[in-house]
Amino acid sequence: MAKSSTEKIPWYLFIGAAVHQGLQRSYLLLGKKLYTYSWIFIVVGLVVGAALVPGQFVIDNEESDFNNLWVPTSAVALDHADYVSEVWPSNTRFQNIVFTSQNGGNVLTQENLLVIQSLHEAIQATTTEFEGQTVSHTDICLLLSWNGFSECFTTGVLSYWGYDEQLIRDDSDVLATVSDPSPTVPVRGTPIDSVSILGQYKPPRVDNSGNYTSIPAVSLSYILIDNLEAEEWELAFLDTIESFDTGSMSVFPAASRSFGDGLSASIRGDLSLVFGAIGLIIVYTCIFLGKFDRRLIKTRISLAAIGVCSALLGVYSAFGLCAWLGIIYGSPNQVLTFLILGIGVDDMFIIANEVSATNRKWSNKKRLSVGLGHAGASITLTSVTNVCAFAIGALSSLPAIQSFCIHAALAVFLDFFFQIFIFTAGLAVDMKRQSSGRMDCACCVVRPLKDDSKKKAIPESFGQKVIGNYFAPFLMKTVVKVIVLVVFAGWLGVSIYGATQLQREYRQEDLIPSGTTYYDYIEKLDQYYSTVPTTVNVYFQDLEYHLPSVQNEMLELHQKMVSDVNRLTPQTPWLESFLTFAEGNCNATSSQAEFYDCFDQYRAGPGAFGSSNWVLDEFNVIQSSRFSYSVEQLDKSVRQVETMLQTRDVTNSFSFEPKAFPYTFNFLFWEVFTVIVGEAVQNIVSVLAVVFVVSLVLF
């Protein structure tokens, strides 16, 4: 049987051809309108931009809080964080100084301790001006009261000698002093946390008796009340340290404001890169969009500027529109300027080159409409694909990613809109300028025209000749096709394997410019204090603490935490200490009144230093309490997530009402690791599917 001369066209090819032809006809008609009413389209585009851009300046939608940017919206830790911040508010600011030896050896010598003591005294004497008032360290420090005395809360290496210079001078073996397994502050008698004060080599350098032979780093910390005066004083604190001569030691200070200051410095550095990139792109487009012409008629400097400004208008209009819509703006969105500039310039070159490639015997109006008819379908395909891809990303549960993708999708769409309405209309104006012999950037000056009527199109460039005459025929050879496919498959395999080896982790130093004081401080913490454990608290809410059943269940939970959670070290729970105290002093298991009479005695005695383990209401009734545990530093996200989930499994297995729950600030970071892999796979698959469908229909 003879084969039919008309084969059935696959439905997807039919749809693609119909859509492509429809777009081409639409852009042909639009091109004619753009040429006829060029200035009207330019004004309309500028009006749209003028309505959208101010949103980012009128409405403050910038978000810098980690919880609101990087923690999944469905994260359990967010609810726990809200409870802790409300019931257990942190009203303190933390300053820390790490001291190391410049030669990398032992920093803990009597000579260095005396220098640290002198710096400590200089810090205590530091003042600053705030709203016309002098603010000193004692005005804003957190006061610690004991035995009728009050002093600013300070902790660190000087605690071993009670911040007393004479005790340091009288100590002939300072390494032996800090080697005490249970050190206490002289006179005061409070325990010293050596792990957070003494930096360690890996492994620690000790003698046969377990005494330190060398300490690579020591720290000194100050706790302030959190207010504006303290924030201002921190600047003076950092200036005092910077100007102090510490001899043979290197000093790495940090204050509560240091991380934010480091991010601000990073943003300021990025701004210079943004302006530099804009300048380079303008120069690039000026060189390659037009051509060299001594008469300055065929050059397109002004058109290049219009194209770049159209792309920038797309970015900042998207920022403004998102602000009007109440969508948060996160720091990752800053890279959109670079991204959309690249997309916008690409669209600009496609439109300009398609118009330039048309027959020069045609009228400018026909050349613009035909060129836009060809270019419009191409940039529509890429723009729709990009918008759909970013729209899929906007479904992320991470607010920062969601915000970035919404901003990006709108920026791509608005860049497409402005390239069509403003740049193409500007191209029409530029064609009219060239036809009338007016100079680029000086349209009032008219120059005589050359006769280009015999030229049907612009000659092939060197790049076009190389690709068309040499590269394309070479690529079509069978052997080359096979090599390309093999190389591509190998590269894809290597890339997939590399993706599986990516480490999921959060490091502050990745967000801070290298070479800054805070970056160096974080590096020293990682180097010498990586063994400092993380404190995880189990929070008990409003309970009947006087009931023996509640007390027993709380202690059972404590035992289960110790037995079921890996890499966890218990601290003595306050309830256990309290019940031990009550055994020989008062009744803690009968009525509520007798329980709180006993509890008041405990708080006034041995429980004085445990007040951070409970929150009392106005009637001195326990509103909330907590047990604390130390978890070793976990360098792998898998272990971090495992530990977090294990602690939750333990607390969820008990019938407290309201529920007890475990929480530490690090849980907010670890929550990200529970979703990031799944979301990455889901987004990649979804985007590939959307791109495939869009390409199938529009290409």
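A. Region of interest: the overall build of the protein chain. When its secondary structure is counted, the protein chain shows 24 helices and 15 strands. Whereas a compact globule of 699 residues would reach a radius of gyration of roughly 27 Å, the protein chain reaches 35 Å, over 25% beyond that. Principal-axis analysis of the C-alpha atoms places the extent of the protein chain at approximately 110 × 70 × 55 Å. Within the protein chain, contacts between residues separated by at least 24 positions form 76% of all contacts whose residues are at least 6 apart in sequence. Summing over all exposed atoms, the protein chain offers an accessible surface of approximately 36500 Å²; the carbon and sulfur share of this is 60%. Here the protein chain holds 44 positive side-chain charges and 67 negative ones, and the gap between their average locations is 32 Å.

B. Representation of the packing of helix H21 (residues 574-583) against helix H22 (residues 592-604). Close contact between H21 and H22 brings their axes to 10 Å; oriented N to C, the two are set at 100°. By the angle between their axes, H21 is roughly perpendicular relative to H22. Taking contact as the criterion, the partners of Trp-574, Ser-577, Phe-578, Phe-581 and Ala-582 in H21 are, on H22, Phe-595, Cys-598, Phe-599, Gln-601 and Tyr-602. A breakdown of the residues in the contact of H21 with H22 according to their chemical character gives 8 nonpolar, 2 polar and no charged.

C. Representation of the sheet that holds strand S1 (residues 92-101) within the structure. The strand order across the open sheet formed by 4 strands is S6-S7-S1-S8, and the pairing between neighbours is antiparallel. In this open sheet, the two strands that pair with only one neighbour each are strand S6 (154-156) and strand S8 (249-254). Averaged over all adjacent pairs, the angle separating strand axes in this sheet is 15°, with direction ignored. Pairing of S6 with strand S7 (residues 217-225) involves 3 bridges; the strand directions are antiparallel. What sits directly across from Thr-155, in S7, is Ser-221. On top of the sheet, helix H11 (residues 228-243) reaches S1, S7 and S8; it is set at about 10° to S1, its chief contact.

D. Up close: the nonpolar core. Phe-540, Tyr-545, Met-554, Leu-557, Trp-574, Phe-578 and Phe-599 are the most contacted members of the largest nonpolar core, which totals 55 residues. Every residue in contact with Tyr-545, bar those within four places of it in the chain, is listed here: Phe-540, Val-550, Gln-551, Met-554, Trp-574, Phe-595, Tyr-596, Ile-622, Ser-624 and Ser-625. By size, the runner-up hydrophobic cluster in this structure holds 40 residues, among which are Cys-152, Leu-158, Ile-192 and Met-249.

E. Summary view of the environment of Glu-594. Counting through the fold element by element, Glu-594 comes out in helix H22. Judged by its relative accessible area of 38%, Glu-594 is partly exposed. Separated by 48 residues in the primary sequence, Glu-594 and His-546 place their C-alpha atoms 8.5 Å from one another.

F. Spotlight on helix H13 (residues 301-325). In this model H13 runs 36 Å from its N-terminal to its C-terminal C-alpha over 25 residues, within 8% of the 36 Å that 1.5 Å per residue would give. Just downstream of H13, Gly-326 is the residue with a positive phi angle, here 80°.

G. Focus on the state of the cysteines. Summed over all chains, the structure comprises 2 disulfides. Paired through a disulfide, Cys-141 and Cys-152 show a sulfur-sulfur distance of 1.9 Å. Between Cys-141 and Cys-152, the disulfide has an S-S torsion of -65° and is therefore left-handed. Of the two residues, Cys-141 sits in the loop between helix H7 (137-140) and strand S4 (143-146) while Cys-152 sits in strand S5 (residues 149-152), which places them 11 residues apart along the sequence. Of the two residues, Cys-141 and Cys-152, both sit in the buried class. What pairs with Cys-586 in a disulfide is Cys-598, and their sulfur atoms sit 1.8 Å apart. Torsion about the S-S bond of the Cys-586 and Cys-598 cystine: about 50°, corresponding to right-handed handedness. Of this pair, Cys-586 sits in the loop between H21 and H22 while Cys-598 sits in helix H22, placing them 12 residues apart in sequence. Along the protein chain, the cysteines engaged in disulfide bonds are linked according to the scheme 1-2, 3-4 when indexed in sequence order. As a non-bridged cysteine, Cys-388 has Cys-405 as the owner of its nearest cysteine sulfur, 13 Å distant.

H. View of the environment of Gly-262. The topology assignment puts Gly-262 in helix H12 (residues 258-289). Judged by relative accessible area, which is 8%, Gly-262 ranks as buried. Between the C-alpha atoms of Gly-262 and Thr-516, which are 254 residues apart in sequence, the distance is 7.4 Å.

I. Quick look at the packing of aromatic side chains. Counted under the stated rule, the structure contains 34 aromatic pairs. Taking 5.3 Å as the distance between ring centres and 80° as the angle between the ring planes, the aromatic pair formed by Phe-578 and Phe-595 counts as edge-to-face. Here Phe-595 lies in helix H22 and Phe-578 lies in helix H21, a separation of 17 residues in the sequence. Here Phe-578 matches Phe-595 in class, with each residue buried. Each member of the aromatic cluster is reached from another via a ring pair, and the members are Tyr-545, Trp-574, Phe-578, Phe-581, Phe-595, Tyr-596, Phe-599, Tyr-602 and Trp-614. Above the ring of Trp-362, the side-chain terminus of Lys-366 is found at 4.3 Å from the ring centroid. The lysine or arginine in question, Lys-432, covers the ring of Tyr-35, its NZ or CZ lying 4.7 Å from the ring centre.

J. Representation of the packing of helix H14 (residues 336-356) against helix H15 (residues 364-393) within the structure. One can describe the packing of H14 onto H15 by two numbers: an axis separation of 7 Å at closest approach and a directional angle of 155°. When the axes of H14 and H15 are compared, the pair comes out roughly antiparallel. You can see that H14 and H15 cross each other, and the crossing is right-handed. Mapping the contact onto sequence places Leu-339, Ile-343, Asp-347, Ile-350, Ile-351, Glu-354, Val-355 and Ser-356 in H14 and Arg-367, Leu-368, Gly-371, Leu-372, His-374, Ala-375, Ile-379, Thr-382, Ser-383, Asn-386 and Phe-390 in H15. When grouped by side-chain class, the residues that make up the contact of H14 with H15 number 10 nonpolar, 6 polar and 3 charged.

K. Region of interest: the pattern of salt bridges. Applying the stated criterion across every chain, the model contains 9 salt bridges. Across the salt bridge formed by Asp-430 and Arg-300, the nearest N and O atoms sit 3.4 Å from each other. Of this pair, Asp-430 sits in helix H16 (residues 399-435) while Arg-300 sits in the loop between H12 and H13; the two residues are 130 residues apart in sequence, bridging distant segments of the chain. Neither residue differs from the other here; Asp-430 and Arg-300 are each classed as buried. Close ionic contact of Arg-648 with Glu-671 constitutes a salt bridge, the shortest N to O distance being 2.7 Å. Here Arg-648 is found in helix H23 (residues 637-652), whereas its partner Glu-671 is found in helix H24 (residues 666-698), with 23 residues between them in sequence. Taken together, the salt bridges that share partners define one network made up of Arg-93, Asp-226 and Glu-234.

Conventions adopted
Residues numbered from 1 in each chain as written. Predicted model: local features only at pLDDT ≥ 70, side-chain atom pairs only at ≥ 80, totals over all residues. Heavy atoms only, no water. Helix = DSSP H or I, 4+ residues; strand = E, 2+ residues; numbered from the N terminus. Rg over C-alpha atoms; globule rule 2.2 N^0.38 Å. Contact = heavy atoms within 4.5 Å. Areas by Shrake-Rupley, 256 points an atom, 1.4 Å probe, with all protein chains shown as cover. Lys, Arg positive; Asp, Glu negative; His and termini not counted. Charge placed at Lys NZ, Arg CZ, Asp CG, Glu CD. Axes fitted to C-alpha atoms, helices over the stretch in contact; angles between N-to-C directions. Parallel < 35°, antiparallel > 145°, perpendicular 65-115°, else oblique. Nonpolar A, V, L, I, M, F, W, Y, C, P; charged D, E, K, R; others polar. Pairing = 2+ DSSP bridges. Core = buried A, V, L, I, M, F, W, Y, C linked by side-chain atoms within 4.5 Å. Buried < 20%, exposed > 50% of the residue type's maximum accessible area, 1.4 Å probe, protein only. Expected span 1.5 Å × (residues − 1). Disulfide = S-S within 2.5 Å. Phe/Tyr/Trp six-rings, centres within 6.5 Å; stacked < 30°, edge-to-face > 60°. Lys NZ or Arg CZ within 6 Å of the ring centre and 35° of its normal. Left-handed = near helix turned anticlockwise from the far one by under 90°. Salt bridge = Lys/Arg side-chain N within 4 Å of Asp/Glu carboxyl O.

This is a description of form; function is not addressed.
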